[in-house]
Amino acid sequence: MSDGGMERRRALVVLGGSVAAGMAPALARPASAAAYDSTVVVDAAKRLGTFFNPGWYVNHTHPHWYFSKGLLPDRTIEQLRDDFNVRWARVTVRVEYYRDQATGKYDFTRNYPYLDQAASYANRLLLNFTSSTSMEKTPELWEKIMLDTLLDHKARYPQIDCVMPWIEPDLGKVGGTPAGAALTPREFYAFYAAGYRAVAAVNDRLKPSVPLTYGGPATSNLPVAWLAGFLKLYRADTDARKRLDFLSVQLYSMNRDNPRQAIDQRTTIRTLLRDAGLNQNLPPYVTEYGVYPGAEAGETGGRSAAADLAHDQLVQACGVAALGRYYIESGMNRPFHWVIHHGENLRKDMFQPGKNGVRLPFGHIVVMQGMLKDRHDDGERLGTTITPDASRTGGRGLGAVAHADSHALTVMYWNYQAETGTKNHQTKLEIRNIPEGVFGDRIRVEIWLVDATTNNHTYDGTTEFTRDAVFSMDRPEVFKRVVSLRKNAVGFLRITPAS
């Protein structure tokens, strides 16, 4: 795919109606018209550089989803293509499902419908190999499977640009031994080396315009000793074909109670690379993250099962907004949201299972992130002062990220209270130095909100994503507005030139 393809723009379609123009005067009320207990001040003159937007990266589905539940429905795919701003989708090769039990041969066409869907909305695909623990595996077999699969899939899907050979080898329960045991770094490295040999052969044979890159090991969280052992083996490997283009991890541990820890994860990875004598600027990929590991749920607090699920879905949505802030601030490369459809733990679904294209709060938040920065190289993050800032309380509380480019100024803000927090905020949002050169004398303001009762299908069955406000006004010296943020609420504001 050409650079132009990488930069294609998707229209950010807003589902549902907008607020009537006649309401504009009330919506444009000054901040002094309402009391507030907190502030978010954005300075559009203070530029902090470009960043990787968490909204660009998603996991297509849980690896079990396609073969147990089928394809995603058409309206879900339509929204992923039109409303989201996905640049990379992580997809999975479930090796045992390729194999014809009668002949023992591998039928790659079985994965085509699944990959066709991901390729229809994502610019690039990260291909991850896995298998059931019951499948007997050797490095020799793994190399042949990867080679044959990649020769087929790369020719059909040229947008595959990244390959990983395994998922969470340090746990074993995903694709480890038939006994379910975790792999040691040395046991895993034999499979890792099989993968880089396969990737080298595919690049040599196909000579693709977008060559395959390769990395791993996609460990669960940051097992420092395990990763150090893996990197030591890589450093000692004398094979000229070896490659580690990115270091991948999957991060869940303690995210729910302390999302701010995400800001330190890149430092940990850089230290591991430095200590191994490798390039510490090697890109780190977070190939899964969230606030509910595995089948875990939150504390019920005496709620019914339905109320508990609704509560946790909002915690998930607001939690990934908070985590996204710290991935942005730390410069983390490619943090992949988990997941469009999970199918086993509904807390981690972006869409309502069994309904065609009905987004849950998590899905809305990923759309908001995509709106935050919808172009790859255009614009910069803006200086933002938050009082009180959740960074002082482990990421629990008030947070925000702001961005400006050649066509929009955007602010995403939230009140992350995790499982048990109860603090609601009336927050004064100020935006200073809105550039005349971009916006002229008149601006258009659009505001969205996701909380327990707004844009929340679980609460009222809504299938729309409606704006909380939309109005035009003269470009002010300082834009001011008070926004109401109940616990685990997420808001979004976009300023564009008024037409």
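See the structure above.
Each value, and the rule that gives it
- Residues numbered from 1 in each chain as written.
- Predicted model: local features only at pLDDT ≥ 70, side-chain atom pairs only at ≥ 80, totals over all residues.
- Heavy atoms only, no water.
- Pairing = 2+ DSSP bridges.
- Helix = DSSP H or I, 4+ residues; strand = E, 2+ residues; numbered from the N terminus.
- Axes fitted to C-alpha atoms, helices over the stretch in contact; angles between N-to-C directions.
- Contact = heavy atoms within 4.5 Å.
- Parallel < 35°, antiparallel > 145°, perpendicular 65-115°, else oblique.
- Left-handed = near helix turned anticlockwise from the far one by under 90°.
- Nonpolar A, V, L, I, M, F, W, Y, C, P; charged D, E, K, R; others polar.
- Salt bridge = Lys/Arg side-chain N within 4 Å of Asp/Glu carboxyl O.
- Buried < 20%, exposed > 50% of the residue type's maximum accessible area, 1.4 Å probe, protein only.
- Expected span 1.5 Å × (residues − 1).

Details of the sheet that holds strand β1 (residues 38-47)
Sheet strands line up and pair through hydrogen bonds in the backbone, either parallel or antiparallel.
Thinking step 1. Taken together, nine strands build an open sheet; the order of strands is β15-β14-β17-β12-β11-β10-β1-β13-β16 and the sheet is mixed. A single partner strand is all that each edge strand has here, and the edge strands are β15 (467-474) and β16 (478-485). Averaged over all adjacent pairs, the angle separating strand axes in this sheet is 20 degrees, with direction ignored.
Thinking step 2. Here strand β14 (residues 442-450) pairs with strand β17 (residues 489-497) via eight bridges, running antiparallel. Each bridged residue has a counterpart across the sheet, and for Trp448 the counterpart in β17 is Phe492.
Thinking step 3. Relative to the sheet, helix α11 (residues 305-330) contacts β10 (380-387), β11 (397-404), β12 (409-416), β14 and β17, its axis offset from that of β12 by approximately 125 degrees.

A short note on the packing of helix α8 (residues 185-206) against helix α9 (residues 224-236)
Thinking step 1. Where α8 meets α9, the axes come as close as 9 Å, and the angle between the chain directions of the two elements is 50 degrees. Between α8 and α9, the crossing angle belongs to the class labelled oblique. Note that α8 runs across α9; the crossing there is right-handed. Contacts between α8 and α9 pair Pro185, Arg186, Phe188, Tyr189 and Tyr192 from the former with Trp226, Gly229, Phe230, Leu233 and Tyr234 from the latter.

Topic: the sheet that holds strand β9 (residues 333-335)
Thinking step 1. A sheet is described by the order of its strands in space; here eight strands give the open sequence β2-β3-β4-β5-β6-β7-β8-β9, paired in parallel fashion. Taken across any chain shown, the strands that pair with only one partner, and hence form the sheet edges, are β2 (57-59) and β9. Averaged over neighbouring strand pairs, the angle between their axes works out to 25 degrees when direction is ignored.
Thinking step 2. As paired elements, strand β6 (residues 213-220) and strand β7 (residues 246-251) share five bridges and run parallel to each other.

Points about the packing of helix α7 (residues 139-156) against α8
Thinking step 1. As a packed pair, α7 and α8 sit with axes 8 Å apart at the nearest point and diverge in direction by 35 degrees. At the point where α7 passes α8, the crossing takes the right-handed sense. Listed contacts from α8 to Pro139, Trp142, Glu143, Met146, Leu147, Leu150, Leu151, Lys154 and Ala155 of α7 are Ala190, Phe191, Ala194, Gly195, Arg197, Ala198, Val199, Ala201, Val202, Arg205 and Leu206.
Thinking step 2. Looking at the contact of α7 with α8 residue by residue, the classes come out as 15 nonpolar, one polar and four charged.

Re the pattern of salt bridges
Thinking step 1. Enumeration according to the criterion identifies 30 salt bridges in this entry.
Thinking step 2. With a shortest N-O distance of 3.1 Å, Arg359 and Asp83 are connected by a salt bridge. Of this pair, Arg359 sits in the loop between β9 and α12 (361-372) while Asp83 sits in the loop between α4 (74-82) and β3 (88-94), and the two are 276 residues apart along the sequence.
Thinking step 3. Under the relative-accessibility criterion, Arg359 is labelled buried at 4%.
Thinking step 4. Here Asp83 falls in the buried class, since its relative accessible area comes to 2%.
Thinking step 5. Across the pair Lys144 and Asp148 runs a salt bridge whose closest N-O atoms are separated by 2.8 Å. Placement of both Lys144 and Asp148 in helix α7 is noted, with a separation of four residues, approximately one turn of the helix.
Thinking step 6. Using a relative accessible area of 28% as the deciding quantity, one classes Asp148 as partly exposed.
Thinking step 7. The network of salt bridges with shared partners includes Arg303, Asp308, Asp312 and Arg347.

With respect to α8
Thinking step 1. An ideal rise of 1.5 Å per residue puts 32 Å on 22 residues; α8 measures up with 31 Å between its terminal C-alpha atoms.
Thinking step 2. Just downstream of α8, Lys207 is the residue with a positive phi angle, here 45 degrees.

Digging into the side chain of Gln265
Thinking step 1. Tracing the backbone shows Gln265 in helix α10 (residues 262-275).
Thinking step 2. Judged by relative accessible area, Gln265 falls into the buried class, the value being 6%.

What about unusual backbone geometry?
Leaving glycine aside, a negative phi is the common case for residues, and trans is the common case for peptide bonds.
Thinking step 1. The omega torsion of the bond from Trp338 to Val339 falls at 15 degrees, within 30 degrees of zero and hence cis.
Thinking step 2. Here Val339 is to be found in the loop between β9 and α12.
Thinking step 3. Residue Thr387 is joined to Pro388 through a cis peptide bond whose omega torsion reads -5 degrees.
Thinking step 4. Of note, the phi angle at Lys207 is positive, near 45 degrees, even though the residue is not glycine.
Thinking step 5. By secondary structure assignment, the location of Lys207 is in the loop between α8 and β6.

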